[in-house]
Amino acid sequence: MLVVQELQAKIADKEILKGVNLEVPAGEIHVIMGPNGVGKSTLGHVLMGHKSYERTAGRILLDGTDITEMDTAERAKAGLFLAFQYPVSIPGLRVSEYLRNLYCLRHNVQVGVAEFRKILRDKLEMLSIDRSALSRYLNDGFSGGEMKRLEMLQLSLIKPKVAILDEIDSGVDVDAQKTVAEAIKKIRESDGTSFVIITHYQRLLNFVNPDKVHVVLDGKVSRSGDMSLVHALEREGYEWVRQATDGSIANSAH
Ligand code: ADP
Ligand code: MG
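The sections below set out a description of the structure shown in this document. All chains use their own residue numbering, which begins from 1 and follows the written sequence. The lettering of chains begins at A and the numbering of ligands begins at 1, in the order of writing. Only residues with pLDDT of at least 70 get local features here, since the model is predicted, and only at 80 or more are side-chain atom pairs given and counted; chain-wide, interface and lining totals rely on the full set of residues. Water and hydrogen atoms play no part in the side-chain values, which are based on all heavy atoms of the structure.

Observations regarding the coordination of the magnesium ion (ligand 2)
No. 1: Note on donors: an N, O or S atom is included if it sits within 2.8 Å of the metal, or within 3.2 Å for Na, K and Ca, and water is never included, so sites can look incomplete. Looking at the metal site, the magnesium ion (ligand 2) is ligated by Ser41 (OG) and Gln85 (OE1), spaced 2.1 to 2.4 Å from it. Of the two residues, Ser41 sits in helix H1 (residues 40-48) while Gln85 sits in the loop between strand E6 (80-83) and strand E7 (90-94), which places them 44 residues apart along the sequence.
No. 2: You can call Gln85 buried: its relative accessible area is 17%. Here a helix means four or more residues in a row that DSSP labels H or I, a strand means two or more in a row labelled E, and each is numbered from the N terminus. The buried label goes to any residue with under 20% of its type's maximum accessible area, the exposed label to any with over 50%, and the partly exposed label to all in between, with areas taken from a 1.4 Å probe on protein chains only.

What about the site of ligand 1?
No. 1: Neighbouring residues of ligand 1: Ile11, Ala12, Lys14, Ile16, Pro35, Asn36, Gly37, Val38, Gly39, Lys40, Ser41 and Thr42.
No. 2: Here Gly37 contributes a backbone N or O atom positioned 2.7 Å from an oxygen atom of ligand 1.
No. 3: Side-chain polar atom of Lys40 to an oxygen atom of ligand 1: 2.8 Å apart, as the coordinates give it.
No. 4: Per-residue and other accessible areas were derived by the Shrake-Rupley procedure at a 1.4 Å probe size, with only the shown protein chains allowed to occlude residues. When the free accessible area of ligand 1 is taken as 560 Å², the share hidden by the protein chains comes to 63%.
No. 5: Those elements that place two or more of their residues in the shell around ligand 1 are strand E2 (14-24) and H1.
No. 6: Among the elements that take part in the shell around ligand 1, H1 stands out by supplying 3 residues, more than any other.
No. 7: Taken together, the residues of the shell around ligand 1 sort by class into 5 nonpolar, 5 polar and 2 charged. Note on definitions. A residue lies near a molecule or strand when any single heavy atom of the residue is within 4 Å of it. Under the rule applied, a polar contact is a pair of N or O atoms within 3.5 Å (in protein, one hydrogen donor and one hydrogen acceptor; residues adjacent in sequence only if both atoms are side-chain atoms). Polarity classes work like this: nonpolar for Ala, Val, Leu, Ile, Met, Phe, Trp, Tyr, Cys and Pro, charged for Asp, Glu, Lys and Arg, and polar for all others, with Gly in that last group.

Looking at the nonpolar core
No. 1: Counting 52 residues, the largest nonpolar core has Leu99, Met152, Leu153, Leu165, Ile184, Phe195 and Ile197 as its most contacted members.
No. 2: Element by element, the count of residues in this core is highest for helix H5 (residues 144-158), at 7 residues.
No. 3: Core analysis: the second largest hydrophobic core is formed by 26 residues, Ala9, Ile16, Ile164 and Val196 among them. Remark: nonpolar core denotes a set of buried residues (Ala, Val, Leu, Ile, Met, Phe, Trp, Tyr, Cys) joined through side-chain atoms within 4.5 Å.

Re the packing of H5 against helix H6 (residues 174-191)
No. 1: Packing of H5 against H6 brings their axes to within 10 Å, and their N-to-C directions diverge by 10 degrees. In terms of their interaxial angle, H5 and H6 are classed as roughly parallel. Residues Gly145, Arg149, Met152, Leu155 and Ser156 of H5 lie in contact with H6, whose contacting residues are Asp175, Ala176, Thr179, Val180, Ala183, Ile184 and Ile187.
No. 2: Along the lines of polarity and charge, the residues of the contact of H5 with H6 split into 7 nonpolar, 3 polar and 2 charged. Here, axes are lines fitted to C-alpha atoms. For helices the fit covers the stretch in contact, and angles between N-to-C directions go from 0 to 180 degrees. Convention used here: angles under 35 degrees read as roughly parallel, angles over 145 as roughly antiparallel, angles from 65 to 115 as roughly perpendicular, and any remaining angle as oblique. Whether two residues are in contact is decided by their heavy atoms: any pair within 4.5 Å suffices.

Observations concerning unusual backbone geometry
No. 1: Phi at Asn108 takes a positive value of approximately 55 degrees, unusual for a residue other than glycine.
No. 2: Taking the relative accessible area as the measure of exposure, Asn108 reaches 71% and is therefore exposed.
No. 3: Despite not being glycine, Ser128 shows a phi value in the positive range, around 50 degrees.

Some words on the sheet that holds strand E11 (residues 212-217)
No. 1: Strands qualify as paired when DSSP identifies two bridges or more between them. Sheet architecture is open: 6 strands sit in the order E6-E9-E10-E3-E11-E12, paired in mixed fashion. With partners counted over all chains shown, the strands left at the sheet margins are E6 and strand E12 (220-225), one partner each. The average undirected angle you get between the axes of adjacent strands in this sheet is 20 degrees.
No. 2: Sheet contacts for helix H8 (residues 227-236): strand E3 (29-33), E11 and E12; angle to E11, the most-contacted strand, approximately 45 degrees.

Things to note about the pattern of salt bridges
No. 1: Take a side-chain nitrogen of Lys or Arg and a carboxyl oxygen of Asp or Glu: if they are within 4 Å of each other, that pair is a salt bridge. Tallied over the entire structure, the rule returns 11 salt bridges.
No. 2: Of the charged contacts in the structure, one is a salt bridge between Asp66 and Arg59, with a shortest N-O distance of 3.3 Å.
No. 3: On the basis of relative accessibility, which here comes to 36%, the residue Asp66 falls in the partly exposed class.
No. 4: For the salt bridge of Arg188 with Asp211, the shortest nitrogen-to-oxygen distance reads 3.0 Å. Taken together, the residues span a long stretch of sequence, with Arg188 in helix H6 and Asp211 in the loop between helix H7 (202-208) and E11 at a distance of 23 residues.
No. 5: According to the relative accessible area criterion, Arg188 is partly exposed, its value standing at 23%.
No. 6: Through salt bridges with shared partners, a single network forms among Asp218, Glu239 and Arg242.

By themselves, these are just geometric observations and shouldn't be taken as functional.
Right, dumping it as structure tokens:
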């Protein structure tokens, strides 16, 4: 569903991605882990076509379509979604209006306020979002947990083919992590969405049970595996992966 080939990118003349390869089949949940500052958010932004990042090489395919040269709006239309690590707040823009516009644009329909309420009902319940959030301004004064739930609500309304979640579990409590994990599983089941989950934490992964885990080091995916890789990282740290990848320990340790 999502294929990334030899992706290289720079920001402010600094080379960050140095040949990322990634394949996420339809309906699979993949995880990207890696130390702070390694370029995980950069990868998310470059996949989404953020203008501050300069792609210098490589290709991105979404459901068989080459989206490498598309702008962000076209990528979104093609079915790619990015939940931000740091969602922006927009005072003056009501959540309800924002969501309804988003829904209408994405699905090319006109939906009135009353009908949209019905569309939202199950989703609000699934994500434990209080209805009162709808009349507030977008992310304005929202807690970490509220923002991340709202990102998930947008995702569930947009129904993308591939959703990239950048640290959806950071700065939120365990309840919000559980809610987000449940939502990921439900959305995958109902819509067949593929997920790329960028995270530092094992907890969310224990809840969602990913199909594959990738470790990013030195601008590349340096190792891929299953949940056992996450457990090994927890015990040994990233330095172990670096050494194992260099071939000095190879796979013998695990
Ligand atoms: P991660 O998400 O893995 O923690 P990032 O992708 O946010 O890492 O950052 C990768 C590197 O790019 C870091 O060294 C960071 O300082 C740098 N970087 C990110 N955004 C910018 C920017 N707007 N200007 C300059 N450097 C940036
Ligand atoms: Mg980041």
